[in-house]
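Observations on chain architecture
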Amino acid sequence: MSTPTPPQPPARPRLGVFKFASCDGCQLTLLDCEDELLGIAAELEVAHFLEASSEAAPGPYDLVLVEGSVSTPEHVERIRRIRADARHLVTIGACATAGGVQALRNYADVEGYLATVYARPDYIETLATSTPVSAHVPVDFELRGCPIDRGQLVEVITAFLAGRKPAIPNHSVCFACKRRGNVCVTVAHGTPCLGPVTHAGCGALCPTYGRGCYGCFGPAGTTNLPALVPLMQRDGMSEEDIGRFLHTFNVTAFTAVEEQGQPGVTDDEGSG
Amino acid sequence: MSDPTPRYQELRIPSLARVEGETALHLRIHDGTVTEARLKIYEPPRFFEAFLRGRAHTEPPDLTSRICGICPVAYQMSACRAIEDACGVVVDGQLAALRRLLYCGEWIESQTLHIHMLHAPDFLGEDDVIGLSRSHPEHVKRGLRLKQTGNAVVELLGGRAIHPVNVRVGGFHRAPTRAELRLLEERLRTALDDAWDTVRWVAGFEFPDAECDADLLALAEEDTYAIESGLPTVLPYDETLPPYSFPLRDFTDRVAEEQVSHSTALHSRLDGRRHLTGSLARWAVSGHLLSPLALEAAREAGLGDPLSRAGVGRAEVCRNPYRSILVRAVEVLYAVEEALRIIAEYERPASPYVEVPARAGIGHGATEAPRGLLYHRYAFDGGGRVTDARIVPPTAQNQGAIEEDLRRLVQAGLDRGEGSEAELTRLCERAVRNHDPCISCSAHFLELDIERTH
């Protein structure tokens, strides 16, 4: 998907934040920008942000942040209405960008899932799939992460206000890990790590804490997943283990890489 | 009394704000009497219990944290406890202390979020924290500072505040050094003052009269305010019944969940009765075990003195949901103090975790999420794969009590002659926010739908 140049924002652009199937964590990241929160509120008119405000004003909105995946018939209609009301639409997080952890259902029998969780599956309305927003409407920018990174979110909002493209690096976690001065957990300890194929953004948190990256930012712009598989096998993972390792928080995105050799999500240039 | 509104009326109010998730409320009013209040939660199903099946015994903490971005630590801690229970491992000593410290961080940031950003605007006539930051800037700044300190604790121990990465079955991937933890001390000392000031601030709010008639359920420990462990303990509403506890393994027999047609969240009842978990329940069950400082703050805030009921050995009970903000503020103060205590006594453990070898079995785990008791149960096969998972979040347990609360409040509103759509919506929204429901967990958006007949 192409990334059109964001339009020049008018004075006090109107912000809308919307939620679909999700844990609310990415919206909460906005409230977690404690140092920047009041500054953001001064620059943007918060027109619709139900998690934070009783004031829910109708569109159109200049900037819309969408959290969560499309998982019910009502969602399909609602995301179209929101897109029609949004000048610039940004998805925040793995759910809105790649279907999220709930996309595990896409590879399972949803009827069976319903029967596992609910005594009366017939009361529940759901789609058989959990899909990213981009599967339904055009998206101007996709911010990765489960959850998104606070610094990257502030960059996206700042870039929108400045009318420029967000400077979000498209390289892998390995770059961030080296920059942080970590010893490589795979090379030094034989710990399986998805860092080489995972999109940067978290600051290489897992290796910093001595564990292997578990891929919560989804695939990096260019990845060589087939080259990583033997390394993970060497470090004791079975094929099934590797399957589960990849198929968790960005299940559809890593699946697309496996199937096509390319990330199934939007590629955003931008350099580290 | 005369009803100024039409004999039959249907109202739709499109959104309940400042809660996490989407919920609708259906009110049925007949002849001026509220006959039914149904909270319709339609958070789309996310199937966690289903897709946990087949996962390794090491995976539920990372996976279930994704149920809720507001209380991921609670999910990680309940999952770890349940898995360790199934595998016959007890995590104690400094590792247990570190877990309590991590949880204190989540209590501080999550309760502070609710107090300042979601709840306080109701008492001060503002729509949101942004309006509040104009009318009460010093209080909002203090709230943000306090929340930041809670986040700093979770970030240091967990790597990040939302979905921490450092938690694992058996403990942590990496244990902090003493020097690292000491970095938090100065901020926590400032937070202690901020937490005191928050208690004083909220104590000055006006609290409408209300009483929640549900049984109160919280975990209890012998000698400390229960957070990351404890025995389920019930304080029945009927005061002729004594308080009682039951083993955690009996949880799903005692707290029976049933599905109702109007909600994706399952409804549960405790021993056949309505029950409430969360701050009010914890205060009632364990208030006497708070620190002297937190008790002093509670007394000053007008919550009473739990030690005065010495014969019962229980806290003075507060059943007014509006006043839950006071208990939350006291709990923040306590969590800050606990965090300081744990850091002062910290010695870095030899290993950041204990081994938890997989084995076949069933394990139960419960901890006190900021919003209430969160129960997990897992069954594992011999290879350590999950064969069954059961998760009972606090909001699902509280739903029945919230509905009853709404029914009474609307009735009282109608009796006072407050029958307009705007008045009733305001009443209901406040009532729901009093309980700090985390609807992502259970099921989200309040659509008020009032049906009146005569």
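Just above sits the structure.
It should be emphasised that the depicted structure is a prediction, and the values quoted were computed from it without experimental measurement. (Residues numbered from 1 in each chain as written. Chains lettered and ligands numbered in written order. Predicted model: local features only at pLDDT ≥ 70, side-chain atom pairs only at ≥ 80, totals over all residues. Heavy atoms only, no water.)

Here we look at the sheet that holds strand β14 (residues 386–392) of chain B
Sheets are built from strands paired through backbone hydrogen bonds, the pairs being either parallel or antiparallel. All names here are of chain B. What the three strands build is an open sheet, ordered β12-β13-β14; its pairing is antiparallel. With one partner strand each, in any of the chains shown, β12 (361–369) and β14 form the two edges of the open sheet. The sheet shows a mean angle of 15 degrees between the axes of neighbouring strands, taken without regard to direction. In this structure, β12 lies alongside strand β13 (residues 372–380), joined through nine bridges in antiparallel fashion. Residue pairing in the sheet places G363 in a bridge with Y378 of β13. Against the sheet, helix α3 (residues 72–87) engages β12, β13 and β14, with an angle of about 150 degrees to β12. (Pairing = 2+ DSSP bridges. Helix = DSSP H or I, 4+ residues; strand = E, 2+ residues; numbered from the N terminus. Axes fitted to C-alpha atoms, helices over the stretch in contact; angles between N-to-C directions. Contact = heavy atoms within 4.5 Å.)

A word on the interface of chain A and chain B
Taken together, the 61 residues of chain A in the interface contact 65 residues of chain B. Interface area, chain A with chain B, both sides summed: about 5,300 Å², of which 59% is carbon and sulfur. At the boundary of chain A with chain B, the tally comes to six salt bridges. With a closest N to O distance of 2.7 Å, R211(A) and D62(B) form a salt bridge. Taken together, chain A and chain B are joined by 21 residue pairs in polar contact (both at pLDDT 80 or more). Broken down by secondary-structure element, the contributors of at least two residues to the side of chain A that touches chain B are α1 (25–31), α2 (34–43), α3 (73–84), α5 (110–117), α9 (205–208) and α11 (239–246) of chain A. Tallied by class, the residues present in the side of chain A that touches chain B amount to 31 nonpolar, 14 polar and 16 charged. (Buried area = accessible area lost by both parts, 1.4 Å probe. Salt bridge = Lys/Arg side-chain N within 4 Å of Asp/Glu carboxyl O. Polar contact = N/O pair within 3.5 Å; in protein donor to acceptor, adjacent residues only side chain to side chain. Nonpolar A, V, L, I, M, F, W, Y, C, P; charged D, E, K, R; others polar.)

Comments concerning the sheet that holds strand β3 (residues 61–67) of chain A
Residue and element names in this part refer to chain A. The sheet built from five strands is open, its strands ordered β2-β1-β3-β4-β5 with parallel pairing. Whereas interior strands pair on both sides, the edge strands pair on one side only; in this sheet they are β2 (45–49) and β5 (141–143). Pairs of neighbouring strands in the sheet enclose a mean axial angle of 20 degrees, with direction left out of account. Where β3 meets strand β4 (residues 86–92), six bridges bridge the pair, whose relative direction is parallel. Residue pairing in the sheet places V64 in a bridge with L89 of β4. Contacting β1 (14–19), β3 and β4, α3 runs over the sheet at an angle of about 130 degrees to β4.

Notes on the packing of aromatic side chains
All names here are of chain B. Applying the stated rule across the entire model yields 11 aromatic pairs over all chains. Note on W107 and Y225: the rings are 6.3 Å apart at their centroids and 90 degrees apart in plane angle, and the pair reads as edge-to-face. With W107 in helix α4 (residues 93–123) and Y225 in the loop between β6 (215–220) and β7 (231–235), this pair connects stretches of sequence that are 118 residues apart. The class for W107 is buried, based on a relative accessible area of 0%. Taken together, the aromatic side chains of F123, W201, F205 and F207 make up a single cluster linked through ring pairs. It is R168 that lies over the ring of Y353; its NZ or CZ is 3.5 Å from the centre. Of note, R430 hangs over the ring of F123, and the distance from its end group to the ring centre comes to 4.9 Å. (Phe/Tyr/Trp six-rings, centres within 6.5 Å; stacked < 30°, edge-to-face > 60°. Buried < 20%, exposed > 50% of the residue type's maximum accessible area, 1.4 Å probe, protein only. Lys NZ or Arg CZ within 6 Å of the ring centre and 35° of its normal.)

A closer look at the environment of L216(B)
Residue and element names in this part refer to chain B. Mapped onto the elements of the fold, L216 is located in strand β6. Note on L216: relative accessible area 2%, which makes it buried. Through-space distance from the C-alpha of L216 to that of R168 is 31 Å; in sequence the pair is 48 residues apart. Excluding its chain neighbours within four sequence positions, the residues that come into contact with L216 are T233, V234, L235, L276, L280, A281, A284, V317 and R319.

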